[in-house]
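A closer look at the structure
The residues making up each chain are set out below.
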Amino acid sequence: MRKILSSIVMASAVLLTVGCSPSQDKGKEKDGADAKTSIMTGEDLEYTELAKVELPCSKEILYTAWKEIGTIEGVRRKALDYKQNTPSLFISTDLDKDGAPEILLRNESTYAAIFSFVEDSLRLITFVDSPYIGLGITPDGVIMRSGTDRNGSSFTQFIRLKNSQIAAIGETRETFTIKDNEMISGGTKYLLQTDSVMLEVSQEVYKQAAPEQEGTYLEDIDGWEDFRKP
C-alpha cells in the first residue's frame, strides 16, 4: 500500500558541484525519455506522477556525487554511510518545470538523494541524513521530508525549487511531553527561511508559502529505473 507524506522540507541544502557534460550517456537513457509514471487517486488522495526526462550526465558522475555525501554520524543512532551503500534506482525528471532536470537516486533501504543539474554541474539539493526521515515529492514537484529528530520532536519540511535552485524552505515542528503515561502535544511551531535564517511565523503565513498538496514517499512513486544497468 502506498504511503502519503501527510504534510510538508528544509534539510540543510548542500551545494555540490561536479563537472558533467549533457552529451554524456545521451542515447543510453533516451529510451526512457518523456515516459510517465502512473498516478493513483482515491479517497481524495492523489499520488505523485513524475514525467521522465533524459538523464543529463553519465551514471559514473552521479555515482561519484552520491559517494561524496560521505558518512553522516548519528547520536545514539546508526550512522549512514553513502560511500558504502550504492544507489540502485533512479528517476530523471524536471520537478520545477524549468527545462533543467532533477535526478532522484535511492537504494532499496534507507538511502536517498536528490540532485539538480545546472550549467553542466550537479548540485545536491537534499538527502536522507537519518534512518528516521522519509523523503517525498508532491504532485506539483515540491520536495518534502518528514520524521523525528534527536529529542523526539516530529517535523515536516518542504523545499520548493525555482530554476533548479532552492527558492523557499519551510518547516513545521511539533514537540511532545509524557503525562500520566500518555504522550501530550506541546504545540506546533511554523517556520520559514528568510535570508538564510529560519524564523517562526504564524500558521496563516506559513500556509501561504507551503504546498497545498501532500507528498508521496519516494519508494511509493512508480517508474524507478535500474541504476546498475549500463
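Everything here concerns the structure above.
So, a few notes on the structure that sits alongside this text. (Residues numbered from 1 in each chain as written. Predicted model: local features only at pLDDT ≥ 70, side-chain atom pairs only at ≥ 80, totals over all residues. Heavy atoms only, no water.)

1. A few points about a nonpolar patch on the surface
Put simply, the test is: Residues enter patches when their relative accessible area tops 30% and they take part in no salt bridge; the joining distance is 9 Å for like charges and 5 Å for the nonpolar side chains Val, Leu, Ile, Met, Phe, Trp and Tyr. Methods summary: accessible areas were calculated by the Shrake-Rupley approach with a probe of 1.4 Å, and residue burial reflects only the protein chains presented. By definition, a salt bridge exists where a carboxyl oxygen of Asp or Glu is found within 4 Å of a side-chain nitrogen of Lys or Arg. We count a stretch as a helix when DSSP gives it H or I for four or more residues in a row; a strand needs E for two or more, and each element gets its number in order from the N terminus.
A contiguous nonpolar patch, built from Phe176, Ile178 and Met183 and spanning about 340 Å² of accessible area, is present on the exposed surface. Looking at the element boundaries, Phe176 is found in strand β14 (residues 165–179).

2. What to know about the packing of aromatic side chains
Definition in use: Stacked, tilted and edge-to-face are the three classes assigned to paired rings of Phe, Tyr and Trp, where Trp is represented by its six-membered ring and a pair needs centres within 6.5 Å; plane angles under 30 degrees give stacked, over 60 edge-to-face, the rest tilted. Between buried and exposed lies partly exposed: a residue is buried under 20% and exposed over 50% of the maximum accessible area for its type, with that area taken using a 1.4 Å probe on protein chains only.
Counted under the stated rule, the structure contains 6 aromatic pairs. Considering the side-chain rings of Trp66 and Tyr82, the 4.9 Å spacing of their centres and the 65° angle between planes classify their relative orientation as edge-to-face. Of this pair, Trp66 sits in helix α1 (residues 59–67) while Tyr82 sits in the loop between β6 (80–81) and β7 (89–93); the two residues are 16 residues apart in sequence, bridging distant segments of the chain. Considered together, Trp66 and Tyr82 belong to a single accessibility category, that of buried residues. Seen from their ring centres, Tyr190 and Tyr206 are 5.5 Å apart, and the 50° between their planes marks the pair as tilted. With Tyr190 in strand β15 (residues 182–194) and Tyr206 in helix α2 (residues 203–209), the pair connects residues that are 16 residues apart, well separated along the chain. Of the two residues, Tyr190 and Tyr206, both sit in the buried class. Within the aromatic cluster, the residues linked to one another by ring pairs are Trp66, Tyr82, Tyr111 and Phe127.

3. Looking at the pairing of β15
Which entries qualify depends on this criterion: We call two strands paired when DSSP finds no fewer than two bridges between them.
Here β14 pairs with β15 via 10 bridges, running antiparallel. Opposite Arg173, over in β15, you have Lys189 as the bridge partner. Strand direction decides the pairing type here: β15 and strand β16 (residues 197–201), joined by 5 bridges, are antiparallel. If you follow Thr194 over to β16, its bridge partner there is Val197. Between β15 and the antiparallel strand that follows it, β16, lie 2 residues; Asp195 among them carries a positive phi value of about 50°.

4. Description of the pattern of salt bridges
In this structure the tally under the stated criterion is 4 salt bridges. With a closest N to O distance of 3.7 Å, Lys52 and Glu225 form a salt bridge. Taken together, the residues span a long stretch of sequence, with Lys52 in the loop between β4 (45–46) and α1 and Glu225 in strand β18 (residues 225–226) at a distance of 173 residues. Owing to a relative accessible area of 12%, Lys52 belongs among the buried residues under this scheme. The partly exposed category is assigned to Glu225, whose relative accessible area is 23%. In this structure, Arg145 engages Asp129 in a salt bridge whose closest nitrogen and oxygen atoms are separated by 3.1 Å. Of this pair, Arg145 sits in strand β12 (residues 143–148) while Asp129 sits in the loop between β10 (121–127) and β11 (133–137), and the two are 16 residues apart along the sequence.

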